[in-house]
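Read off the chains here:
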Amino acid sequence: MSQLPDVPLDGLYGDAIMDHYRNPRRRSPLPNADIESHELNPFCGDEITLRMKLGADGRVEAVSSVSQGCSIIQASASMMAELMTGQMLSALKERSQKFRSMMRGESLAEDDLKGLGDLLALLVVRRYPVRIKCALLPWLALEEGIEKMASDGVRLYPKNEGI
Amino acid sequence: MTTTSGTFDVARIREDFPLLKQTVNGKPLVYLDNAATSQKPQSMIDALVRYYTTENSNVHRGVHTLSQLATDDYEAARTKVRKFINAAEDHELIYVRGTTEGINLVAQTFGRQNIGQGDEIIISTMEHHSNIVPWQILCEEKGAQLKVVPINDSGELLIDEYEKLLSPRTKLVSIVHQSNALGTINPMEAIIEMAHSRGVPVLVDGAQSIPHMTIDVQKMGCDFFVFSGHKLFGPTGIGILYGKAEYLNAMPPYQAGGEMIRSVSFEKTTYNVLPHKFEAGTPNIAGAIGLGAAIDYLNDLGMERINTYEKELLDYGTDCLSRIEGLKIIGTAKEKGGILSFVLGDIHPHDIGTILDTQGIAIRTGHHCAQPVMQRFGIPATARASLAFYNTKAEIDSLVEGIDRVLEVFS
């Protein structure tokens, strides 16, 4: 019955999450984006619009991540946006899948954990099962955007790397 | 928690509800999500256990003893419901799964039969999705139009606007008695009178009103009244559609199968009489018996006393919450039931809900299946504490302390 009563609230509402919630990164509008994707959770009204601009080498050059909703989606959207710049879409897709498995409770290798940066702070959300979907919504938008690009024939992988 | 209010001994009443004795997250449970579903008295739980332990069999089918006993109890529960809402006849009460199914039944039978191209159905801004979408689907199918009565900033229906919407094309008015998101209690008698003077029937969504006040469908004058058992301290999966016999008799069947027929041949099938015409298949027998037991329990307490106590509780809650800086109550109608919907600065209701949960306090957060209400107030969601007669002032104090904790975390 009890939902891990030993979890102190300041775990969920700890410094990293509250910092991203209060000062969300990459929220400015991004005109001329190459990719735009949008996700909505109709049950709670959580919403994210993600825009990306790609450089000539296929790497993410600029990001706009605008979310509405609770502290968790806003923090997750901000943390995600922060680590996107300079990345190939293939690497982002992989990172998204790793993040999602982490949130589902799977344990990750140490290298993978390191690559997640501030996102590790969201680990605590696993202890509040109904809130996990809040943390995942921005990533669904990211993967949807990548899928769109892939179906448009955009290169996801760096040159010299086979698929 | 020895709260005694006049002769309404809440501490003793709470003893009847085993779930309320639990702790959640190490704290005594403060259950303030009664508009979503209510907790169950032991006598109701016992009725379900007794039925399955000693009586389980099918109804209206067998000549054997158990089938007779089950049929008797199933039908006795219908009589209990009839008396509880003062309907004229037992057969005007149709067992359904809940409010949603009751409204869909009327939309798919009365609606499809009587509403055509260019006709109009009137609902209001404060409807639950279950009293919007069935009518939208019907309107789309028939080329009919949905007309929506607006509300003011307090969340009260604009009766003048409603009267203007009534037109020669209006074929049905379907309005909620008490709003689940705002708590507003609508003046049903006036609404019904205006419709009837133009020959328009009225459906009343009573899901949120019936757990808290005396319902008299004949005095109210409604043509249909629907509600759910689980919000009335009964089991899930059972509800009631009350309809005036003249309407129910004229309506075509909803679902087809066993029980609802009089005779079947491949050439022609004739339908059974009310209420069986609308009860195809093996019904929720245990649910009906449980609903009857819940009504017995409520009758023992007395709906008038429940109503008086809950008003006192709502006044106390409104007063306490209003003192919290940055808190805004959404829904401040003069006539209001025990709903405290609120927003707290720019803190998202989900964050409020999670922090309260860690204090053992259960509230609902979100749009409450009433998105048009949220749009009307320009907010994505609210936090909602909803009261029942087993709640106490001490629990409202806990809510206030919980909200203080939210403010601390987000300070």
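Residues numbered from 1 in each chain as written. Chains lettered and ligands numbered in written order. Predicted model: local features only at pLDDT ≥ 70, side-chain atom pairs only at ≥ 80, totals over all residues. Heavy atoms only, no water.

When its secondary structure is counted, chain B shows 14 helices and 19 strands. Overall, chain B is about 75 × 55 × 35 Å in size when its C-alpha atoms are taken along their principal axes. In chain B, which comprises 411 residues, the share counted as buried stands at 57%. Long-range contacts, defined here as pairs at least 24 residues apart, represent 70% of the contacts in chain B between residues at least 6 apart. Separation of charge centres in chain B, based on 36 positive and 49 negative side chains, amounts to 3 Å. (Helix = DSSP H or I, 4+ residues; strand = E, 2+ residues; numbered from the N terminus. Buried < 20%, exposed > 50% of the residue type's maximum accessible area, 1.4 Å probe, protein only. Contact = heavy atoms within 4.5 Å. Lys, Arg positive; Asp, Glu negative; His and termini not counted. Charge placed at Lys NZ, Arg CZ, Asp CG, Glu CD.)

This next bit is on the domain arrangement of chain B. How big an interface is tends to be stated in terms of the accessible area lost upon association of its parts. All names here are of chain B. The domain architecture assigned to chain B consists of domain 1 (10-31 + 303-409) and domain 2 (46-299). Taken over C-alpha atoms, the centre of domain 1 sits 28 Å from the centre of domain 2. With 34 residues of domain 1 at the contact, the number on the domain 2 side is 29 residues. With both sides pooled, the region where domain 1 packs onto domain 2 buries about 2500 Å², and carbon together with sulfur makes up 56% of that total. Its largest share of buried area at the contact with domain 2, domain 1 owes to M303, C369 and R376, together 25% of the area lost on that side. In this structure, R376 and D153 form a salt bridge, with 2.8 Å as the shortest nitrogen-oxygen distance. Summed over the shared surface of domain 1 and domain 2, the number is 18 residue pairs in polar contact (both at pLDDT 80 or more). Sorting elements by how many residues they give to the side of domain 1 that touches domain 2 places helix α13 (residues 371-377) first, with 6 residues. Of the residues assigned to the side of domain 1 that touches domain 2, the class counts are 17 nonpolar, 9 polar and 8 charged. (Domains from an automatic or database assignment. Buried area = accessible area lost by both parts, 1.4 Å probe. Salt bridge = Lys/Arg side-chain N within 4 Å of Asp/Glu carboxyl O. Polar contact = N/O pair within 3.5 Å; in protein donor to acceptor, adjacent residues only side chain to side chain. Nonpolar A, V, L, I, M, F, W, Y, C, P; charged D, E, K, R; others polar.)

All right, on to the pattern of salt bridges then. All names here are of chain B. Across all of its chains, the model carries 31 salt bridges over all chains by this definition. A salt bridge links E101 to R97, with the nearest nitrogen and oxygen atoms 3.6 Å apart. With relative accessibility at 14%, the residue E101 sits in the buried group. The class for R97 is exposed, based on a relative accessible area of 59%. Between D119 and R169 there is a salt bridge, with its nearest N and O atoms 2.9 Å apart. With D119 in the loop between α4 (99-114) and β7 (120-124) and R169 in the loop between α6 (159-165) and β9 (170-176), this residue pair connects regions lying 50 residues apart in the sequence.

Right, let's talk about the environment of L142(A) for a bit. Residue and element names in this part refer to chain A. With respect to the element layout, L142 can be found in helix α6 (residues 132-151). In this structure L142 comes out as buried when scored by relative accessible area, which is 0%. With 62 residues separating them along the chain, L142 and M80 place their C-alpha atoms 9.0 Å apart. Not counting chain neighbours up to four residues away, the residues in contact with L142 comprise S37, L50, M52, M80, M84, L92 and S96.

Before going further, it helps to spend a moment on the sheet that holds strand β15 (residues 327-329) of chain B. Residues and elements named next belong to chain B. Spatial strand order, β15-β16-β19-β18: 4 strands in an open sheet with antiparallel pairing. Where the open sheet ends on each side, the last strands, each with one partner, are β15 and β18 (364-366). Direction aside, the axes of adjacent strands within the sheet are offset by 30 degrees on average. Here 3 bridges tie β15 to strand β16 (residues 339-344), and the two strands are oriented antiparallel to one another. Residue pairing for β16: L327 is matched across the bridge by L344. Contacts from helix α14 (residues 393-409) reach β15, β16 and β19 (382-386), with the element oriented near 15 degrees to β16. (Pairing = 2+ DSSP bridges. Axes fitted to C-alpha atoms, helices over the stretch in contact; angles between N-to-C directions.)

Turning next to the packing of aromatic side chains. Residue and element names in this part refer to chain B. Summed over all chains, the structure comprises 18 aromatic pairs over all chains. Plain terms: the ring middles of F110 and Y247 are 5.8 Å apart, the flat faces sit at 75 degrees to each other, and that makes the pair edge-to-face. One end of the pair, F110, is in helix α4; the other, Y247, is in helix α9 (residues 245-250), with 137 residues separating them in the sequence. Taking 5.7 Å as the distance between ring centres and 45 degrees as the angle between the ring planes, the aromatic pair formed by F224 and Y247 counts as tilted. Of this pair, F224 sits in strand β11 (residues 224-228) while Y247 sits in helix α9, and the two are 23 residues apart along the sequence. Taken together, the ring pairs in this structure connect F17, F233, Y297, F389 and Y390 into an aromatic cluster. Just above the ring of F377 sits the side chain of R376; from NZ or CZ to the centre is 5.5 Å. Positioned above the aromatic ring of Y316, the side-chain terminus of K393 is 5.4 Å from the ring centre. (Phe/Tyr/Trp six-rings, centres within 6.5 Å; stacked < 30°, edge-to-face > 60°. Lys NZ or Arg CZ within 6 Å of the ring centre and 35° of its normal.)

Turning next to the interface of chain B and chain A. At the junction of the two partners, chain B supplies 22 residues and chain A supplies 21 residues. The contact between chain B and chain A buries some 1600 Å² in all, and 55% of this surface belongs to carbon and sulfur atoms. Together, N25(B), H350(B) and T354(B) form the three largest contributors to the area buried by chain B at its contact with chain A, with a combined 29%. The tally of links from chain B across to chain A stands at 1 salt bridge. One salt bridge in this structure joins R131(A) and D351(B), with 2.8 Å as the shortest N-O distance. At the surface where chain B touches chain A, the tally comes to 9 residue pairs in polar contact (both at pLDDT 80 or more). Listing elements by their share of the side of chain B that touches chain A, those giving two or more residues are β3 (23-24), α12 (349-358) and α14 of chain B. Among the elements that make up the side of chain B that touches chain A, the one with the highest residue count is α12(B) (6 residues).

Let us look at unusual backbone geometry. All names here are of chain B. With an omega of -5 degrees, the peptide bond between L274 and P275 qualifies as cis. Along the chain, P275 falls in the loop between β14 (269-271) and α10 (285-301). Non-glycine residue H368 carries a positive phi angle of around 55 degrees. Relative to the helices and strands, H368 is located in the loop between β18 and α13. Residue classification places H368 among the buried residues on the basis of a relative accessible area of 0%.

The next point concerns the environment of I121(B). Residue and element names in this part refer to chain B. Considering the arrangement of structural elements, one finds I121 in strand β7. What makes I121 buried here is its relative accessible area of 0%. It is 9.1 Å that separates the C-alpha atoms of I121 and L166, two residues lying 45 residues apart in sequence. I121 has contacts with I115, W135, L138, C139, Q145, L146, K147 and L172, leaving out every residue within four places of it along the chain.

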